[in-house]
Amino acid sequence: QVQLVESGGGLVQAGGSLRLSCAASGRTFYFMGWFRQAPGKDREFVAAITRSGDSSEYSDSVKGRFTISGDNGKNTVYLQMNNLKPEDTAVYYCAARGLYTTAALVMRDPARYGSWGQGTQVTVSS
């Protein structure tokens, strides 16, 4: 019943932009986030936001380039990615947590998310 569906990935040149979206259904989620995984590497935190939009977190590697936002009435989250770099190439996964929290350490921890999408590929060429 619980489902997260990502979209918006693709191939883009370095310096370009993409906007990812994730639509959640089946229950209310109180914060949602984005993680990414490149071949041969561990899953990496990217960004997260509370359902109300009053708190957000970013990894240092994307801060200033990516913006997370949400449509909290629809349990939908977006990731606007600007000034993309080849090192941003990865599969991007949407994740959601049902239990309410605003703690930054929890928002950054993949083990604290209970629901995951299938991922969308982002490839940045140079």
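Scroll up to find the structure this text is about.
Calculation notes
Residues numbered from 1 in each chain as written. Predicted model: local features only at pLDDT ≥ 70, side-chain atom pairs only at ≥ 80, totals over all residues. Heavy atoms only, no water. Helix = DSSP H or I, 4+ residues; strand = E, 2+ residues; numbered from the N terminus. Polar contact = N/O pair within 3.5 Å; in protein donor to acceptor, adjacent residues only side chain to side chain. Core = buried A, V, L, I, M, F, W, Y, C linked by side-chain atoms within 4.5 Å. Buried < 20%, exposed > 50% of the residue type's maximum accessible area, 1.4 Å probe, protein only. Contact = heavy atoms within 4.5 Å. Disulfide = S-S within 2.5 Å.

Novice: Before we go on, may I ask you to explain unusual backbone geometry in this structure?
Specialist: A negative phi holds for most residues other than glycine; trans holds for most peptide bonds. At Asn-83, a position not held by glycine, the phi torsion is positive, near 50°. You can see Asn-83 is positioned in the loop between strand 8 (76-81) and strand 9 (90-97).

Novice: How should the environment of Arg-97 be read in this particular structure?
Specialist: Structurally, Arg-97 can be placed in strand 9. For Arg-97 and Tyr-30, which are 67 residues apart along the polypeptide, the C-alpha to C-alpha distance reads 6.1 Å. Of note is the side chain of Arg-97, whose polar atom sits 3.0 Å from the backbone oxygen of Arg-112.

Novice: Even after reading the chapter, I still don't get the nonpolar core, so can you show me in this structure?
Specialist: When a protein is soluble and globular, its nonpolar side chains tend to lie buried together. Core analysis: the biggest nonpolar cluster contains 26 residues, and Met-32, Trp-34, Leu-79, Met-81 and Tyr-92 have the highest contact counts within it. Among the secondary structure elements, those contributing two or more residues to this core are strand 3 (18-25), strand 4 (31-37), strand 5 (44-50), strand 7 (66-71), strand 8, strand 9 and strand 11 (120-125). Each residue touching Leu-79, except ones within four places of it in the same chain, is listed here: Leu-18, Arg-19, Leu-20, Trp-34, Val-46, Ala-47, Phe-66, Thr-67, Ile-68 and Tyr-92. Formed by eight residues, the second largest nonpolar core is a distinct cluster that contains Phe-31, Phe-35, Ala-48 and Val-106.

Novice: What's the story with the state of the cysteines in this structure? I'm lost.
Specialist: Note: disulfide means a covalent bond formed between the sulfur atoms of two cysteine side chains. Tallied over the entire structure, the rule returns one disulfide. With a sulfur-sulfur separation of 2.0 Å, Cys-22 is cross-linked through a disulfide to Cys-94. Measuring the twist about the S-S bond at about -85°, one finds the Cys-22-Cys-94 disulfide to be left-handed. With a gap of 72 residues between them, Cys-22 in strand 3 and Cys-94 in strand 9 connect regions that are remote in the sequence. For Cys-22, a relative accessible area of 1% translates into the label buried.

Honestly, that's just the spatial picture; any functional story needs more than this.
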